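What follows is the residue order along each chain.
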Amino acid sequence: MSAAASVLDALVASIDAQHLGAYGVQVLVAGEEVHHRWRSDDRENLYSVSKGICALAASMAADEGVISFATTVGEVFEGAPLGDGTAEVTLGHLLTMTSGIDFEWFGDDEVVWPDLALEMIRRPTRGAGRVFQYSDASTYLAMRMLGSVVGDVRDWLMPRLFDPLGIHNPQWHRCPLGWIVGGSGLYLRTSELARIGRLLRDRGRWNGHSLVSADRIDALHGTWVATGGTAPFELYGVATWAGPGDSWRLDGRYGQYVIVDDARDAVITITAHEEGQDHRLVEYANEALAAGVPAATKKALQKR
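Residues numbered from 1 in each chain as written. Predicted model: local features only at pLDDT ≥ 70, side-chain atom pairs only at ≥ 80, totals over all residues. Heavy atoms only, no water.

Take the pattern of salt bridges next. Under the criterion given, the structure shown has 21 salt bridges. Between Asp 42 and Arg 39 there is a salt bridge, with its nearest N and O atoms 2.5 Å apart. What makes Asp 42 partly exposed here is its relative accessible area of 32%. Take Arg 39: its relative accessible area is 31%, and that puts it in the partly exposed class. When the shortest N-O distance is used, the salt bridge between Asp 218 and Arg 203 registers 2.6 Å. (Salt bridge = Lys/Arg side-chain N within 4 Å of Asp/Glu carboxyl O. Buried < 20%, exposed > 50% of the residue type's maximum accessible area, 1.4 Å probe, protein only.)

A few words on helix H1 (residues 3-17). A rise of 1.5 Å per residue sets the reference length of H1, with its 15 residues, at 21 Å; its end C-alpha atoms lie 21 Å apart and thus fit the reference within 8%. Of the positions making up H1, those classed as buried are Ala 4, Ala 5, Val 7, Leu 8, Leu 11, Val 12 and Ile 15. Seen along its axis, H1 keeps its buried residues to an arc of 160°; they face one direction. The inward-facing, buried residues of H1 contact strand S1 (22-29), strand S2 (32-37), strand S12 (266-272) and helix H10 (278-292). Following H1 by one or two positions, His 19 has its phi on the positive side, about 55°. (Helix = DSSP H or I, 4+ residues; strand = E, 2+ residues; numbered from the N terminus. Expected span 1.5 Å × (residues − 1). Arc of directions from axis to C-beta. Contact = heavy atoms within 4.5 Å.)

Among the nonpolar cores identified, the biggest contains 67 residues, and Ile 53, Leu 56, Leu 157, Leu 161, Phe 162, Ile 196 and Leu 200 are the most heavily contacted of them. For this core, the leading source of residues is helix H2 (residues 49-64), giving nine residues. When neighbours within four sequence positions are excluded, Ile 53 is seen to be in contact with Leu 157, Leu 161, Phe 162, Trp 172, Leu 186 and Ile 196. In this structure, Val 7, Leu 11, Ala 22 and Ala 266 belong to the second largest nonpolar core, which totals 25 residues. (Core = buried A, V, L, I, M, F, W, Y, C linked by side-chain atoms within 4.5 Å.)

The values are spatial; any link to function lies outside them.
Take a look at the structure:
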């Protein structure tokens, strides 16, 4: 039995034993990909995994030189009422949840203000880069900043990301003004999300072409911010979480995951609706990988 099939069998057995609400699992180890489904491969809300696609969008835009992670709120929203210190908040701060602006809003909350972005930036920061607060509002504002130079972010991504990956016409929840919510609300199939996972594992390359620079992919999980939370939410990167083990992941509500294990040349993609024990899906994925795939040597990784 191949390594990928061994990992899949172990993971499926663990999920079934605990009666977890998984929809589908796709396992990629080296060049072999296998999958298992509990229901049809329909498009599902990725919830906070959507933040990872926003990070890819910002990375692509930085590669093209149209925006920088150092671009500030003050530069983009020139002339708008800004809270104390908010002008110095950068795109990078927003994507790492370290703007310091005390504004907690999530994609399933009502938008009760005329403009969500302007409402956020009129509030003061407690110290850009120093205070962690997880909120969909931060990613929404980041995508508003990107949108100020590229227009509709989803449409801008079509020829750069979605079309090359064969993801046809994906839909994304939008605010009342028509901007993508960003931090939630992107709908993809397990198989489509797995292509994002392969792109992350392969450091931005797809079918021999670079869609995102390797350095930008590395930066998504190159530096961690201490959140003050408990496992598995202790360390946050650029729309990514550290762990389990030596892996890193995109993580969405109810069990939407892309788990990248660079040392094993592997990625596991999961979609689910598990309200009570969604963290178990990540734990079982890590256990299956650790048992089924030996960690690669640095030399082997460098060949990829």
